[in-house]
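As a plain string of letters, each chain reads:
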There are 2 protein chains.
Amino acid sequence: MKDAKEGKSYVTPWEVFGDVNYSKLITEFGVEEISDELKKRIEKITGKHFMLDRKIFFAHRDLKWLIDEYSKGNKFFLYTGRSPSGPVHLGHLMTWQFTKFLQDAFDVELWFQFPDEEKFLFKKDLTYEEAQKNLNENVLDVIALGFNPKKTHFIVNTKHADLMYGEACKVAKKITYSMVKSSFGFDDSANIGQIFYTSMQAVPAFLPSVLNGKKIPCLIPHAIDQDPHFRLTRDILPKLGHHKPASIQCSFLPPLTGANGKMSSSKHDTAIYTTDNAKEVEHKIKKYAFSGGKDTLEEHRRHGGNPYIDVSFQYLRHMFEPDDKKLRDIHNAYKSGAMTSGELKQITIDKINAFLKEHQKKRELAIKKVDSFMYKK
Amino acid sequence: MKDAKEGKSYVTPWEVFGDVNYSKLITEFGVEEISDELKKRIEKITGKHFMLDRKIFFAHRDLKWLIDEYSKGNKFFLYTGRSPSGPVHLGHLMTWQFTKFLQDAFDVELWFQFPDEEKFLFKKDLTYEEAQKNLNENVLDVIALGFNPKKTHFIVNTKHADLMYGEACKVAKKITYSMVKSSFGFDDSANIGQIFYTSMQAVPAFLPSVLNGKKIPCLIPHAIDQDPHFRLTRDILPKLGHHKPASIQCSFLPPLTGANGKMSSSKHDTAIYTTDNAKEVEHKIKKYAFSGGKDTLEEHRRHGGNPYIDVSFQYLRHMFEPDDKKLRDIHNAYKSGAMTSGELKQITIDKINAFLKEHQKKRELAIKKVDSFMYKK
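The shown structure was predicted, so the numbers you read here are calculated from the model rather than taken from an experiment. (Residues numbered from 1 in each chain as written. Chains lettered and ligands numbered in written order. Predicted model: local features only at pLDDT ≥ 70, side-chain atom pairs only at ≥ 80, totals over all residues. Heavy atoms only, no water.)

Novice: What exactly am I supposed to notice about the sheet that holds strand S3 (residues 32-33) of chain A here?
Specialist: For sheets, the rule is that strands pair by backbone hydrogen bonds, running either parallel or antiparallel. Residues and elements named next belong to chain A. Read across the sheet, seven strands follow the order S3-S4-S9-S8-S5-S6-S7 without closing on themselves; strand pairing throughout is mixed. Each of the sheet's edge strands pairs with one partner strand only, and the pair in question is S3 and strand S7 (152-156). Taken together, the two bridges between S3 and strand S4 (residues 57-61) define a ladder with antiparallel strand orientation. The residue bridging Glu32 from the neighbouring strand is His60, located in S4. Where helix H12 (residues 227-236) meets the sheet, its contacts fall on S4, strand S5 (77-81), strand S8 (218-223) and strand S9 (246-250), and the angle it forms with S8 comes to roughly 160°. (Pairing = 2+ DSSP bridges. Helix = DSSP H or I, 4+ residues; strand = E, 2+ residues; numbered from the N terminus. Contact = heavy atoms within 4.5 Å. Axes fitted to C-alpha atoms, helices over the stretch in contact; angles between N-to-C directions.)

Novice: Explain helix H15 (residues 311-320) of chain A to me, please; I cannot follow it from the model alone.
Specialist: An α-helix turns once every 3.6 residues. As a result, residues three or four positions apart point the same way. For H15(A), the tally of buried residues reaches nine of 10 residues, placing the bulk of the element in the interior. Listed as buried for H15(A) are Val311(A), Ser312(A), Phe313(A), Gln314(A), Tyr315(A), Leu316(A), His318(A), Met319(A) and Phe320(A). (Buried < 20%, exposed > 50% of the residue type's maximum accessible area, 1.4 Å probe, protein only.)

Novice: Hey, could you run me through the interface of chain B and chain A in this one?
Specialist: Often, the extent of an interface is quoted as the loss of accessible area upon association of its parts. Residue-level contacts link 37 residues of chain B with 37 residues of chain A. Taken together, both faces of the contact between chain B and chain A bury some 2900 Å²; the carbon and sulfur share is 67%. On the chain B side of the contact with chain A, Tyr165(B), Lys173(B) and Ile192(B) bury the most area, a combined 28% of that side's loss. Our enumeration of links across chain B and chain A arrives at four salt bridges. Residues Lys377(B) and Asp162(A) are paired through a salt bridge, measuring 3.2 Å at the closest nitrogen-oxygen approach. Applying the counting rule to chain B against chain A returns 22 residue pairs in polar contact (both at pLDDT 80 or more). Looking at the side of chain B that touches chain A, the elements with two or more residues in it are helix H6 (118-122), helix H7 (128-144), helix H8 (161-172), helix H9 (177-184) and helix H10 (192-202) of chain B. Among the residues forming the side of chain B that touches chain A, the class breakdown is 16 nonpolar, 10 polar and 11 charged. (Buried area = accessible area lost by both parts, 1.4 Å probe. Salt bridge = Lys/Arg side-chain N within 4 Å of Asp/Glu carboxyl O. Polar contact = N/O pair within 3.5 Å; in protein donor to acceptor, adjacent residues only side chain to side chain. Nonpolar A, V, L, I, M, F, W, Y, C, P; charged D, E, K, R; others polar.)

Novice: Looking at this model, I keep getting lost on the nonpolar core. Mind explaining?
Specialist: Taken as a class, soluble globular proteins show a tendency for nonpolar side chains to be buried jointly. Val180(A), Ile195(A), Val180(B) and Ile195(B) are the most contacted members of the largest nonpolar core, which has 81 residues in total. Per-element tally for this core: the top contributor is H8(B), with eight residues. Sequence-distant contacts of Ile195(A), defined by excluding residues within four places in its chain, comprise Tyr177(A), Val180(A), Phe186(A), Ala190(A), Tyr177(B), Ile192(B) and Ile195(B). Grouped together as the second largest cluster of nonpolar side chains are 74 residues, Ile26(B), Val142(B), Leu219(B) and Ala246(B) included. (Core = buried A, V, L, I, M, F, W, Y, C linked by side-chain atoms within 4.5 Å.)

Novice: Honestly, a nonpolar patch on the surface in this entry has me stumped. Any pointers?
Specialist: Together, Phe290(A), Tyr308(A) and Ile309(A) give the surface a local cluster of nonpolar side chains, amounting to about 300 Å² of exposed area. Inspection of the secondary structure assignment puts Ile309(A) in the loop between helix H14 (297-303) and H15. (Patch = residues over 30% accessible without salt bridge, like charges linked within 9 Å, V, L, I, M, F, W, Y side chains within 5 Å. Areas by Shrake-Rupley, 256 points an atom, 1.4 Å probe, with all protein chains shown as cover.)

Novice: Just checking my understanding: could you explain the relation of the copies chain B and chain A for this structure?
Specialist: The operation relating the pair of chain copies consists of a rotation about an axis and a translation along that axis. For the pair chain B and chain A, the superposition axis carries a translation of 0.0 Å, the fit reaches an RMSD of 0.0 Å, and the rotation angle comes to 180°. Taken together, the turn and the small shift mark the pair as related by a two-fold rotation axis. (Least-squares fit on C-alpha atoms with pLDDT ≥ 70 in both.)

Novice: Looking at this structure, I do not really get unusual backbone geometry. What am I missing?
Specialist: Even without glycine at this site, Lys55(A) takes up a positive phi of about 60°. Within the secondary structure, Lys55(A) is located in the loop between helix H3 (50-53) and S4. At Asp107(B), a residue that is not glycine, the phi angle is positive and equals roughly 55°. Position of Asp107(B) relative to the elements: it lies in the loop between helix H5 (90-106) and strand S6 (110-114). A residue is classified by how much of its surface remains accessible, and Asp107(B), at 38% relative accessible area, is partly exposed.

Structure representation (C-alpha cells):
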C-alpha cells in the first residue's frame, strides 16, 4: 500500500484512498473508456440515463461485444453484488440504481450476489454473526430499489455454497497464490479464506450458464475498485469454456469529507446511511459535507464557488439531480457566486431526504419480500 | 519434498514414499503411541480388535481424554472420510473397518466426509467429472462395510457446502498462508483451492456440535498421513470455542510391491481394488506381491522366509487373518521354511477373494442405499 501521507491515491477492492484520478485508473486498470459512439449505441436501445451520460459510469470491458450479442438476439444477464460490511450508504445505491435501469431497459435477468463471508474474512474485528446481521439488513436496501423479483435472484455465498463451492473450485484450480498475491497485494500473513475468496466472486459470472446448460453473456456493473477480481475472472473463465464477462465501471460517490476516496460503511462521518433520519442527514451535510465555497460570503459572491470539489454538488450530479438543465443551473449559480454554499447544501439535504423518506418506506415493506428474491435451489 | 533416490521416506497427506518408520513418525508427527494401559481401557469397553491389539492402529492424540469423557457419559462422534481419487483399494478399507468396529462398540454416530473437490484440486489431470464418478463409486464401498444408516451421515463437500463453507471460513480466518506453507510444503505456485482446502477438512470435526447446539467430543480414526490437516484443526478449533478432536492413527497397508509406502489408487500394480475379480487378485498376488521367501526352494526350506517383509503375510496380519493363533502358525511355518511363498500367497489369495466375493455382493446392494446415508439438510 502506498502511504496516504504521500498525497497519492490508491484503489483496491478493499480500500480507496486519495483524490482518485479516473483517467489514470483507466490506464492503470486497463479498462476502456466508454466512447461517445458506444454510449449512443446503448442509448438507442435503453434511452438516456444521466449516470451514463455524465460518465459516472465511465469505463468498460467488452461492452461492445455484449451489445453486438444483444443486437443479434443473444440476451445477457446482469451480475452485481453487495458485500455486507455494515449499513448501506448512498454510494452503494448508485451502482444498483443503474443496474435496475439496465435490467428494465434490456429486460434481462439479474443475479445479485451477497458474499457474506468476504468482509468477515477481511476485517479482523468483524464477527461472523455481525456479518450475518449486516446481510439481513442489506438485502432490504436492494429490494427497496424496486427490482423485479421474477427476474432477480439473490445468491448468498454461504447459503448457496452447495451451488457455488464446486464451481469456485474449478476457478480456484486455475489461480495460483502468485496470481492473487500480485492482484491483491497479499503477503504470507493473509488468511487462507482471503486467498480463496476471489474464486467465489467469479462464480455468478457463469453460474446462470451452468444452471441453464448454455452459455449466456454476462454484464457486471460495478465500482472500479472491484476490477482486480473481475480481471482474474476474465482470465480464467475462457479456460473453463465460459464467456469472459463484460463489465461497466462507475466512479465513487465522494465521501462527505471531500471529493477523494469513496464513502465507507465503517467511517461514520464520511457517509450518509439509508437508515439515517432527516435530522441526521441535515446534520451530516451541514457539518461534514466538504464545501467548494469561499471563506466569507463577500468573497463567495465575488469569486463564486467550485462545484467540482463541492460534495453537495457532486451528490446532485451523481445521484439526486437527474435533470441536466436543473443541474446546470445550480452549477452556474454556484460558480458565479449567486448561490451560497448554505443554499446548495439545503437543496441537497432536501433531495436526499425526499429520496430517503420513500426508500425507508420501501425498505420496511421489503422485509416480507426477502424470500421471494432468494434463488431457489 | 525429499528426494526418493536418497532412499529416505516421507509422509504427507498426498504422498507416502519409502520404508516408513513408524517410531520415527510418532516423533516427527508428535503423536502419542497407544500405551498398553490405554489399550486395555479401550478393550474393557469395546472388547478386543486385532487392529488395535497388533498396533496396526498405533498412535493417537487425546484418546485418553476422549475415553475419560465417554466414561463420564459424554458420548463422542466418529469422523473419518474418503477423498475420491480413484477406485477404492484394500488399504482404504482398513481404517473404515476399524471405524465400524468403534461405531458398533461405542454405539456412536459417524460422520463420513467425501471431500470430492480435494483430489480434483491436487491432481493436475483429474477432471471434476472424473472426481464425481469416483465419488459415486466410492460411496458404495463404504456402505458395503455395513455401517448403520441411522447413525451414519455422509457429507459430500460440494453438495453439503451450504452447511460447510461458512464454517470453513471461520476456520480459514485463523489460518495464514505461512501456516499451510509450512504444514503442507506449498510454494507460491499452489492453487488457491489447495490452499483453502484444509479448512474444509476441519469442518466435520465440529459440524455435529454446530448442528446440535452443544459441544460433542470427536474421534477421528485415520491413516497417519492425514495428521498435518488434523494438527492444524486441533490448533484452530479451541479458538472457535470447540473441543480439539481426538484421533487414532493407523499405519498403511503395504503396496503389493513391498512393505514400504502405501497402496495407491493411481498406481495400478501396487493395489488390489475392491472391484478386482478372483483371477485379477490371484494374478496380482502371484505376480507382484513382494515375497519374503528365499530364491530357491532348497534355500527356503533351510533358512525359512521373512514374514516381516512378505506382503502376503502383512495382508493377513493387517486385515485378513484376525485369529492370532492362526496368524502365529502361519508366521512360524513360513519363518521355519515349512511353508513356501507359493503356499502363503495361496492362503492370502483365498482370504482376499472370499472377502471380496461378499464385499462385491454388498457393493451391488449398496446402490439403492446411497440416499439413506446422505446427510439431510
